[in-house]
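# Close look at the chain arrangement
So you can see what is in the structure, the chains are spelled out below.
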Amino acid sequence: LSCTEINAAAGHVASLEFDTLPAPAVVAGDTLRDSLGRAAPLRAVAFNGAGAVIADPAIQYIALDSGVTITAGHFLVAQRRSGSVRLIANATSIQSAVRTLLVARQPDSVVVTGKLRDTLKYVLPDNAASNSTAGLSVKVVTRDTSGGITATQGWLVSYQAFFGGKAIAPGDTSVAFLLSDGAQRSSLDTTGSDGTASRRVRVRPIGITQSATDSVIVIATVRYRGTPVRGSPVRFVILLRPK
């Protein structure tokens, strides 16, 4: 058996957490931005030997692939037009796990690929499979310089559901809530390689009045630099009727 002495100094980095990026993708020729369109730096969290967070640690961010530049302040700027870049955070002899960032073309417009208006015929007693809609899907596309249209991968699409004219809070599951393809509660999706994002609506009939006007409205929004792109927001209407 052997022992390793851990440096317990408050400012000594014992571990690094580099779990998230400001966004899944950066636009070619632009700075990496957060969901509000603001330029956002790379950020890792450093811990000392006691497990406490270190304030203002000296961390270096390194791109393992070419095509991006990491500037002062840890802002990332993309020069390449497409593909992906692997990133790590490094402090003294500690290195983080690898994170992958996509490089996308600037999103040009949003195309609706799901039904804008549909009817959900719900059942009682409640049944999760029957009382869920099909995917409310949109596709984010880019117009290439050659005039063609290509999918924009790795782009955030936010969904907000409304019932009775009021926005449904993220933790409210009393009447209706949004689901990912994996049946997890989620109001944010990232476009796949085909440029498509989607969310479903799960309805709980016990909270429905069975009025002829009952419906769930879902708004899907795609932004670039904080401004909705052409075709966004998209409004889906789900009429609720007993089966």
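Just so it is clear, the structure is predicted and the values come from calculations on it, not from any experiment. (Residues numbered from 1 in each chain as written. Predicted model: local features only at pLDDT ≥ 70, side-chain atom pairs only at ≥ 80, totals over all residues. Heavy atoms only, no water.)

## Focus on the nonpolar core
Using the following cut-off: Definition used in this section: a nonpolar core is a set of buried Ala, Val, Leu, Ile, Met, Phe, Trp, Tyr and Cys residues joined via side-chain atoms within 4.5 Å. With a 1.4 Å probe rolled over the protein chains alone, any residue whose accessible area is under 20% of its type maximum counts as buried; one over 50% counts as exposed, and the rest are partly exposed. Strands are runs of DSSP state E lasting at least 2 residues, helices are runs of H or I lasting at least 4, and numbering of each runs from the N terminus.
Val138, Val157, Tyr159, Val201, Val216, Val218 and Leu240 are the most contacted members of the largest nonpolar core, which totals 31 residues. Listing elements by their share of this core, those giving two or more residues are strand 2 (25-27), strand 11 (117-122), strand 12 (136-143), strand 14 (156-163), strand 16 (176-179), strand 18 (196-203), strand 19 (215-221) and strand 22 (234-242). Looking at this core, the element that brings in the most residues is strand 22, giving 4 residues. Formed by 22 residues, the second largest nonpolar core is a distinct cluster that contains Val13, Leu21, Ala23 and Ala91.

## Digging into the packing of aromatic side chains
The description of an aromatic ring pair uses the distance of the two centres, along with the angle that the planes make with each other. Under the convention used in this document: Any two rings among Phe, Tyr and Trp, with Trp reduced to its six-membered ring, count as a pair given centres within 6.5 Å; such a pair is stacked if its planes are under 30 degrees apart, edge-to-face if over 60, and tilted if neither.
Overall, the coordinates contain 2 aromatic pairs when judged by the stated rule. With centroids separated by 6.0 Å and ring planes inclined at 55°, the aromatic side chains of Trp155 and Tyr224 adopt a geometry described as tilted. With Trp155 in the loop between strand 13 (149-151) and strand 14 and Tyr224 in strand 20 (residues 223-224), the pair connects residues that are 69 residues apart, well separated along the chain.

## A look at the environment of Thr173
Applicable threshold: Whether two residues are in contact is decided by their heavy atoms: any pair within 4.5 Å suffices.
Position of Thr173 among the secondary structure elements: in the loop between strand 15 (166-167) and strand 16. Once the C-alpha coordinates of Thr173 and Arg202 are considered, the two residues, 29 residues apart in sequence, prove to be 8.7 Å apart. Those residues in contact with Thr173 that lie beyond four places of it in its chain are Arg185 and Arg204.

## Overview of unusual backbone geometry
Generally, phi is negative for residues other than glycine and the peptide bonds are trans, each holding for most cases. In this chain, Leu124 is followed by Pro125 through a cis amide linkage whose omega measures 0°. If you trace the backbone, Pro125 turns up in the loop between strand 11 and strand 12. Backbone geometry at Asp56 places phi at a positive 50°, although glycine is not the residue there. Positive phi values are uncommon outside glycine, yet Ala183 reaches one of about 65°. Turning to its location among the elements, Ala183 is positioned in the loop between strand 16 and strand 17 (188-190). Judged by relative accessible area, Ala183 falls into the partly exposed class, the value being 47%.

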